[in-house]
Amino acid sequence: MNLLLIAFDSEDAVTCAAFGQSSNHPFDILQLTGLPATNLGAGKVISLDLPSLPPADYFAAALKPIAESYDRVAAVSSMRGKDALPRLAGLLDWPMISDITEIVDEKTFIRPILAGSILTKVQLNHPKAFLTFRPAGFPAPNLAGESSVESVSPGWKGTSKRLSESLSEGGRPDLATAKVVVSGGRPLKDAETFENLVGGLADALGGAVGATRAAVDSGIAANELQVGQTGKIVAPDLYIAAGISGSTQHMAGIKDSKIIVAINIDGDAPIFDIADYGLVADLFDALPELTQKLQK
Amino acid sequence: MKILVPIKRVIDPYAKVKPLDDGTGLNLSGVKFEINPFDEIAVEEAVRQKEKNPEIQIIVVSIGGPESEEQLRKALAMGADEALHVETTDQLDPSIVAKELTAVVKEQNPTVILLGKQATDNDNNQTAQMLAAQLEWPQATFASKIEFNDGKANVTRETDTGEEVLAIPLPCVITTDLRLNEPRFIPLPGIIKARSKPLTKLERQTSDQPRVEVLSYTAPPTRSAGKKVATVDELIAELKSKGALA
Ligand SMILES: Cc1cc2nc3c(=O)[nH]c(=O)nc-3n(C[C@H](O)[C@H](O)[C@H](O)COP(=O)(O)OP(=O)(O)OC[C@H]3O[C@@H](n4cnc5c(N)ncnc54)[C@H](O)[C@@H]3O)c2cc1C
């Protein structure tokens, strides 16, 4: 049973090692960009050292000969992982299991369906498979040993061309791994109000900013901030939901948070059914007050 | 130009679904079914492209039980020209669906395959990418804007860090994200009128068995309602006592 973890960058390598160590199988890491993560217990780190990530067609064609020699190939279920891994699975004609939250044994896994309202136990009936997993289910990896580094330069083949790309702005922590997340919903009115109220509280707490689909669709928040079934899955120590009703689709993305705080003007909003602390209040009063009191 | 839009019949995304008591399946009594919302966005996008370029022909295809005809009829009512129904009650997984779609593509020779990024029942997000790999066509997943020109598709796609624009040559596979469009509402008479549009039944072309099997279905651990606090100060005090605030 040998496992290859595909890490898109050095930060991703740490999350990959968490899964690798939890699996109790020896694992290698294939790292596309950044300094090779040699202290995470991998047998070896296959380093591609690319200046930027290739589009999925290049990625899959180049990685196919490397992936082929493993029994399991896994990656974080980020949007880049979801884009590229199934293509590789298609090229090799292996089955794939997405969004694993728990490893039962080498053939059996737990994964959510229907926006997290059901958990399924699934079993592989094939010797080889691709997997994506959700970071929240796997504890931070131990530092371990000195892995060898193998530098490879695969042949690149594809026809897609990237014309432009927005890169992460930095400044705030990454939403998917942040310890504190402050999210806002539809009532935030416009981008400036959202940034001032939700962004302001997030900054006071050193946290990341999230949003509902309703907020993103109406142009109040950027698309990469969407949390939920079809956005990012978060699992911070503290999640603050302001002006969010608590739809199944949004809750699918926040269920693994340690403490959920809801601020909503409607005392009957479904978000209060899962919140550890609920404040029935107008967010236009509560958020600035909270920010001001926490900044001190 | 021919656009093929594969669509899936799924449990109403707003339904509250529970597992059966013995965990062997889902309790679907009284649950409604819809076109997978992302596939509906794909149909809408194809229709909008056709409104700009009347030479576009739109074929929708669904692989599934007899009931899937309902979703195909709705897609026809939205503006698709023709429907194909690979009728089967077999258990399927994304890789089987991709293979069946490959067989349809070989017959139909579409220029573009446009489909949802994921189905909201099994949330797999695999079929389109597997299909693109099998056909060796380029792909653009999670599209929020699509423009066709000069034998190319320029696709704005949602990424972990924002957006990127990919130019991919045709033929290609594109998957839709939520921001691409808002599907039109089709009143019931529209669906009845679409009954005159052609719907062809097909048989499965492969005999693969699913390679991922669901052993059991359970409800996830529930979070329960916590405590209501009356003021911001009380909230801060509670969070401090839990160590959640410094
Ligand atoms: C296929 C599909 C996928 C989806 N994926 C996602 C997803 O990934 N993520 C996601 O979030 N949604 C998703 N949705 C959408 C989801 O169903 C909800 O529509 C959305 O989450 C609602 O966002 P909201 O809570 O901001 O808005 P609303 O439901 O409109 O709630 C707004 C809340 O704000 C409260 N409020 C109003 N004014 C104030 C005030 N002044 N102070 C305090 N509170 C106030 C209201 O009481 C209300 O509870 C998806 C839907 C579908 C069909």
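Note that this is a predicted model, so its numbers are computed, not measured. (Residues numbered from 1 in each chain as written. Chains lettered and ligands numbered in written order. Predicted model: local features only at pLDDT ≥ 70, side-chain atom pairs only at ≥ 80, totals over all residues. Heavy atoms only, no water.)

J.: Please clarify how the side chain of Ser257 of chain A should be interpreted in this entry.
T.: Counting through the fold element by element, Ser257 of chain A comes out in the loop between helix H6 (248-251) and strand E15 (259-264). Setting aside anything within four residues of it in sequence, one finds Ser257 of chain A in contact with Val234, Ala235, Pro236 and Tyr239 of chain A together with Arg223 of chain B. (Helix = DSSP H or I, 4+ residues; strand = E, 2+ residues; numbered from the N terminus. Contact = heavy atoms within 4.5 Å.)

J.: Please clarify how the sheet that holds strand E8 (residues 118-124) of chain A should be interpreted in this entry.
T.: As a general point, the strands of a sheet are linked pairwise by backbone hydrogen bonds and lie either parallel or antiparallel. Here we have four strands laid out as an open sheet, ordered E6(A)-E7(A)-E8(A)-E14(B), and antiparallel in their pairing. Edge positions in the open sheet fall to strand E6 (102-105) of chain A together with strand E14 (212-218) of chain B, since each of these has one partner strand only. Strand-to-strand twist in this sheet, taken as the mean axis angle between neighbours without regard to direction, amounts to 35°. When E6 of chain A meets strand E7 (residues 108-113) of chain A, the two strands line up antiparallel, connected through three bridges. Within E7 of chain A, the position partnered with Glu102 of chain A by the bridge is Ile110 of chain A. (Pairing = 2+ DSSP bridges. Axes fitted to C-alpha atoms, helices over the stretch in contact; angles between N-to-C directions.)

J.: Honestly, the pattern of salt bridges in this entry has me stumped. Any pointers?
T.: Between side chains of opposite charge, a pair can form as their charged atoms come close. Scanning all chains against the criterion turns up 36 salt bridges over all chains. With a shortest N-O distance of 2.9 Å, Asp217 of chain A and Arg213 of chain A are connected by a salt bridge. One end of the pair, Asp217 of chain A, and the other, Arg213 of chain A, are both in helix H5 (residues 213-217), four residues apart, so they sit about a helical turn from each other. What emerges from the salt-bridge pattern is a single network uniting Asp83, Arg162 and Glu165 of chain A together with Arg157 and Glu164 of chain B. (Salt bridge = Lys/Arg side-chain N within 4 Å of Asp/Glu carboxyl O.)

J.: How do you make sense of the domain arrangement of chain A when you look at a structure like this?
T.: Accessible area lost upon the coming together of the parts serves often as the stated size of an interface. Residues and elements named next belong to chain A. Domain boundaries in chain A define domain 1 (3-151) and domain 2 (180-295). In this structure, domain 1 and domain 2 have C-alpha centres spaced 30 Å apart. On the side of domain 2, eight residues touch domain 1, which itself brings six residues to the contact. When domain 1 packs against domain 2, close to 560 Å² is buried across both sides, 61% of that on carbon and sulfur atoms. Ranking the residues of domain 1 by area buried against domain 2 places Ala115, Arg134 and Ala136 at the top, with a combined share of 72%. Here domain 1 and domain 2 share zero salt bridges between them. (Domains from an automatic or database assignment. Buried area = accessible area lost by both parts, 1.4 Å probe.)

J.: Can you walk me through the site of the ligand in this structure?
T.: Residue and element names in this part refer to chain A. What surrounds the ligand is a group of 28 residues, the closest being Arg186, Thr212, Val227, Ser245 and Asn264. One of the backbone N or O atoms of Arg213 is found 3.0 Å from an oxygen atom in the ligand. Within the backbone of Gly231, an N or O atom sits 3.4 Å from an oxygen atom of the ligand. In the complex, the protein chains occlude 85% of the 990 Å² of accessible area that the ligand would expose alone. When contributions to the shell around the ligand are tallied by element, the ones reaching two or more residues are H5, H6 and helix H7 (283-295). Class assignment of the residues belonging to the shell around the ligand gives a composition of 10 nonpolar, 14 polar and four charged. (Near = heavy atom within 4 Å. Polar contact = N/O pair within 3.5 Å; in protein donor to acceptor, adjacent residues only side chain to side chain. Areas by Shrake-Rupley, 256 points an atom, 1.4 Å probe, with all protein chains shown as cover. Nonpolar A, V, L, I, M, F, W, Y, C, P; charged D, E, K, R; others polar.)

J.: Looking at this structure, I do not really get the interface of chain A and chain B. What am I missing?
T.: Contact residues are listed per partner, giving 82 residues for chain A and 78 residues for chain B. Summed over both sides, the interface between chain A and chain B buries roughly 6600 Å², with carbon and sulfur atoms accounting for 53% of that surface. Our enumeration of links across chain A and chain B arrives at eight salt bridges. With its nearest N and O atoms 2.9 Å apart, the salt bridge here joins Asp217 of chain A to Arg179 of chain B.

J.: Before we go on, may I ask you to explain the sheet that holds strand E13 (residues 208-211) of chain A in this structure?
T.: The strand order across the open sheet formed by six strands is E13(A)-E12(A)-E14(A)-E15(A)-E16(A)-E15(B), and the pairing between neighbours is parallel. Edge positions in the sheet fall to E13 of chain A together with strand E15 (227-229) of chain B, since each has one partner strand and no second. The mean inter-strand angle of the sheet, taken between neighbouring strand axes irrespective of direction, is 20°.

J.: What exactly am I supposed to notice about the packing of helix H3 (residues 94-108) of chain B against helix H4 (residues 127-135) of chain B here?
T.: Angle between the axes and distance between the axes: these two values describe a pair of packed helices. All names here are of chain B. Look at H3 against H4: their axes get within 8 Å of each other, and the N-to-C directions meet at 50°. By the angle between their directions, the pair H3 and H4 is classed as oblique. Where H3 crosses over H4, the handedness of that crossing is right-handed. Between H3 and H4, the residues in contact are Pro94, Ser95, Val97, Ala98, Lys99, Leu101, Thr102, Val105 and Lys106 and Thr127, Met130, Leu131, Gln134 and Leu135, respectively. Among the residues making up the contact of H3 with H4, the classes are represented as eight nonpolar, four polar and two charged. (Parallel < 35°, antiparallel > 145°, perpendicular 65-115°, else oblique. Left-handed = near helix turned anticlockwise from the far one by under 90°.)

J.: Before we go on, may I ask you to explain the packing of aromatic side chains in this structure?
T.: A ring pair, where both rings are aromatic, is described by two values, the distance of the centres and the angle of the planes. Residues and elements named next belong to chain A. Under the criterion given, the structure shown has five aromatic pairs over all chains. With centroids separated by 5.1 Å and ring planes inclined at 75°, the aromatic side chains of Phe19 and Phe138 adopt a geometry described as edge-to-face. Taken as a pair, Phe19 in helix H1 (residues 10-23) and Phe138 in the loop between strand E9 (129-133) and strand E10 (148-151) lie far apart in primary sequence, 119 residues in all. With a relative accessible area of 1%, Phe19 lands in the buried category. What makes Phe138 buried here is its relative accessible area of 9%. Taking the centre distance of 4.9 Å and the plane angle of 35° together, the rings of Trp94 and Phe130 count as tilted. A residue pair is termed long-range when its members are at least 10 positions apart, and Trp94 in the loop between helix H3 (79-92) and strand E5 (96-100) and Phe130 in strand E9 qualify at 36 residues. (Phe/Tyr/Trp six-rings, centres within 6.5 Å; stacked < 30°, edge-to-face > 60°. Buried < 20%, exposed > 50% of the residue type's maximum accessible area, 1.4 Å probe, protein only.)

J.: I keep staring at H3 of chain B and nothing clicks. Help me out?
T.: Every α-helical turn comprises 3.6 residues, leaving residues that sit three or four positions apart pointing alike. Residues and elements named next belong to chain B. An ideal rise of 1.5 Å per residue puts 21 Å on 15 residues; H3 measures up with 20 Å between its terminal C-alpha atoms. Judged by how many residues are buried, H3 sits mostly within the fold: 12 of 15 residues are covered. Listing the buried residues of H3 in full gives Pro94, Ser95, Ile96, Val97, Ala98, Lys99, Glu100, Leu101, Thr102, Val104, Val105 and Gln108. Next to the buried residues of H3 lie strand E1 (2-6), strand E6 (57-64), strand E7 (82-87), strand E8 (112-116) and H4. Note on H3: the residue one or two positions beyond its end, Asn109, has a positive phi of about 45°. (Expected span 1.5 Å × (residues − 1).)

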